[in-house]
Amino acid sequence: MTLKTTGRLSRRELLRALSLCAAGSTTLGPLLSGCRESLQTPEALEKLGRKRDALDGKPKFLIVIGAAGGASIVDSFLAVRQSESANASAVNTFPDAQVQAVAGSPFRAVKYSNTRLGSINIPVNTDQLAFVKKHQHEMLVATSVGTSVNHGIAQKRSLTGNAAWRGRTLQEAVALQWGSGLPLPNVNMGTGGYAERGTDDALPLSCFGESVVNPSLWPLGLDGSRGIAGAPSKDVIALARGTRDALDQKSVFGRTFQDSAALRRWNEQRGVQQPKLEAMDLITRLNILPDLPQIPLSRYGLESSPDGARLRAAFPAFLTDPVQGQAALAFLLLKYRVSVSVTLGPDFNVAVGGPNGIANPPLAFDISHNDHRGGQAFMWARILSTVDSLITLLKAEPFDADTGESMWDRTMLYVATEFGRTRPRPSGATEFGSGHDLNNGFLLLSPMVKGNTVLGGVDPDTTLTYGFDARTGEAQPGKLTSNEPDIYSGILTAMGADLGGSGLPDASAFKRA
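Residues numbered from 1 in each chain as written. Predicted model: local features only at pLDDT ≥ 70, side-chain atom pairs only at ≥ 80, totals over all residues. Heavy atoms only, no water.

Caption draft 1: Up close: the nonpolar core. Counting residues in each nonpolar core, the largest one holds 118 residues, and the members touching the most others are Phe77, Tyr414, Leu492 and Phe510. Of all the elements, helix H14 (residues 372-396) adds the most residues to this core, at eleven residues. The contacts of Phe510, once residues within four sequence positions are left out, are Leu140, Ala142, Leu444, Met448, Val449, Lys450, Leu455, Phe468, Asp486, Ile487, Gly490 and Ala494. By size, the runner-up hydrophobic cluster in this structure holds five residues, among which are Ala175, Leu176, Leu203 and Cys207. (Core = buried A, V, L, I, M, F, W, Y, C linked by side-chain atoms within 4.5 Å. Buried < 20%, exposed > 50% of the residue type's maximum accessible area, 1.4 Å probe, protein only. Helix = DSSP H or I, 4+ residues; strand = E, 2+ residues; numbered from the N terminus. Contact = heavy atoms within 4.5 Å.)

Caption draft 2: Expanded view of the pairing of strand E4 (residues 122-127). In E4, alternate side chains face the same way, and those of Ile122, Val124 and Thr126 are buried while those of Pro123, Asn125 and Asp127 on the opposite face are not. The pairing of strand E3 (residues 108-117) with E4 spans five bridges and is classified as antiparallel. Its bridge partner being in E4, Lys111 is matched across the sheet by Asp127. (Pairing = 2+ DSSP bridges.)

Caption draft 3: Quick look at the sheet that holds strand E16 (residues 439-445). If you trace the eight strands from one edge of the open sheet to the other, you get E7-E6-E8-E1-E13-E16-E5-E17, paired in mixed fashion. Sheet topology places strand E7 (210-211) and strand E17 (453-455) at the edges, where each strand pairs with a single neighbour. Relative to strand E8 (residues 341-344), strand E6 (residues 186-188) runs parallel, the two sharing three bridges. Pairing of Val187 across the sheet is with Val342, part of E8.

Caption draft 4: Spotlight on the packing of aromatic side chains. Using the criterion set out here, one finds nine aromatic pairs in the structure. Here the aromatic cluster, defined as three or more aromatic residues joined through ring pairs, consists of Phe77, Phe107, Phe131, Phe365 and Trp380. Taking NZ or CZ as reference, Arg168 lies 4.4 Å from the ring centre of Trp165, over its face. The ring of Phe94 carries the charged tip of Arg373 above its face, separated from the ring centre by 3.9 Å. (Phe/Tyr/Trp six-rings, centres within 6.5 Å; stacked < 30°, edge-to-face > 60°. Lys NZ or Arg CZ within 6 Å of the ring centre and 35° of its normal.)

Caption draft 5: Region of the structure containing the pairing of E3. Both strand E2 (residues 99-101) and E3 contribute to a ladder of three bridges, which runs antiparallel. What sits directly across from Ala101, in E3, is Arg108. Where E2 folds back onto E3 in an antiparallel hairpin, the turn is made up of six residues, including Gly104, whose phi is positive at roughly 70°. Linking two consecutive strands that pair antiparallel, namely E3 and E4, is a turn of four residues; a positive phi of about 60° is found at Asn121 within it.

Caption draft 6: Examining unusual backbone geometry more closely. Of note in this structure, Ala163 is not a glycine but carries a positive phi near 60°. Positive phi, close to 75°, is recorded for Leu363, a residue that is not glycine. Residue placement: Leu363 occurs in the loop between strand E10 (358-360) and H14.

Written out as structure tokens, the structure is:
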């Protein structure tokens, strides 16, 4: 919503402002007292209800990794030993030696040796212990019970807390709070429900996710003329654009639809946002492709990012493994303040590559239908390797030289899976299939969370997780009711977001003291 040149509000604008304020703003006074700036956009109206001291004027960052298919928390950090369970042979427990304790931590780590991904028949050898030891003090696992075992629906609910805050996703909430002024606050490389926008139509359009399909090639489209052999000079292109805009305004179409919100949005993207992206030289900064004979960047006047070499070292399979390519782009989007929220993760398609010839198995974690142990082992190793590389890069990247903060100090990483897997297995079987189950848990990593913490717990006789009090963190054995809003609120609470007027539950247990 914009003001007219007189600075007066039309009746429609005033009603719109009041309705937005009633929906979520906690401060009506500045609106009624004539604060002109506060009436300009829904984003500005939302800012009226925020505590600026909590936000401190600096951005914070959210990375969502969609662990598509059902990443089982009892096949990783909450695994159960056979000796601990009265039903060890009938439910998903592990031999005692395979579940490793982590000194001074509630987490566990599973070691897989020569486990085979049956349908593909490749060996899986991986040990989660090194990851847990390295990151335990910035890890929090919160047990969960969802409300859907449909992939798309459950994926989206893992991002909205089942519409916990007017239907907005976590990414949209973060983009609103910390993304003002950034060209693309919310970039989404996910699939299925992870790629869907929320349902809060009062949000500024900039908060909704910008979809990226190919992270390696997408940066090459961020300039209207560079990379085109024989393209005219920038001055000539600017003249052509100005002429085009003038003719568009005078055209029958332009005059007929000049008040259309869609056309105004298009003109703003084309006339303001596109030049902004070009001025930031993102076609270079975000491009990790090397200049090679088969990728002749220099022939077209292009260059690799200054960060290209270290990102190619961190993610050597970035061209063949989609998740590695996404992670590399995610780092650059945050570093260069293009975005404050980035979503990535595997999809259900096979990706060829990696040391065994397969980078991603069919159905990702959902390959557990055919081969639960092998599928979980392979996919957890894939996710944790990406997470570890991202954290290493962010820790090494300065955020503020004056304070000594790194990018990691202001980043939340959320491994969002849609649901868990069923627990029963044939007696003593090590190779078995599993179905979808509402019962599971989520992994958070950040200096902002209460580290080395498990919220909730596991009943060893069923291997089902149970709930917790989101305010105090007290475990509540036997609690199996849905807690999707608690998870949603906990992530934003730990990040220090102002949740005034949201109606979200108090989730103080997630936040580092």
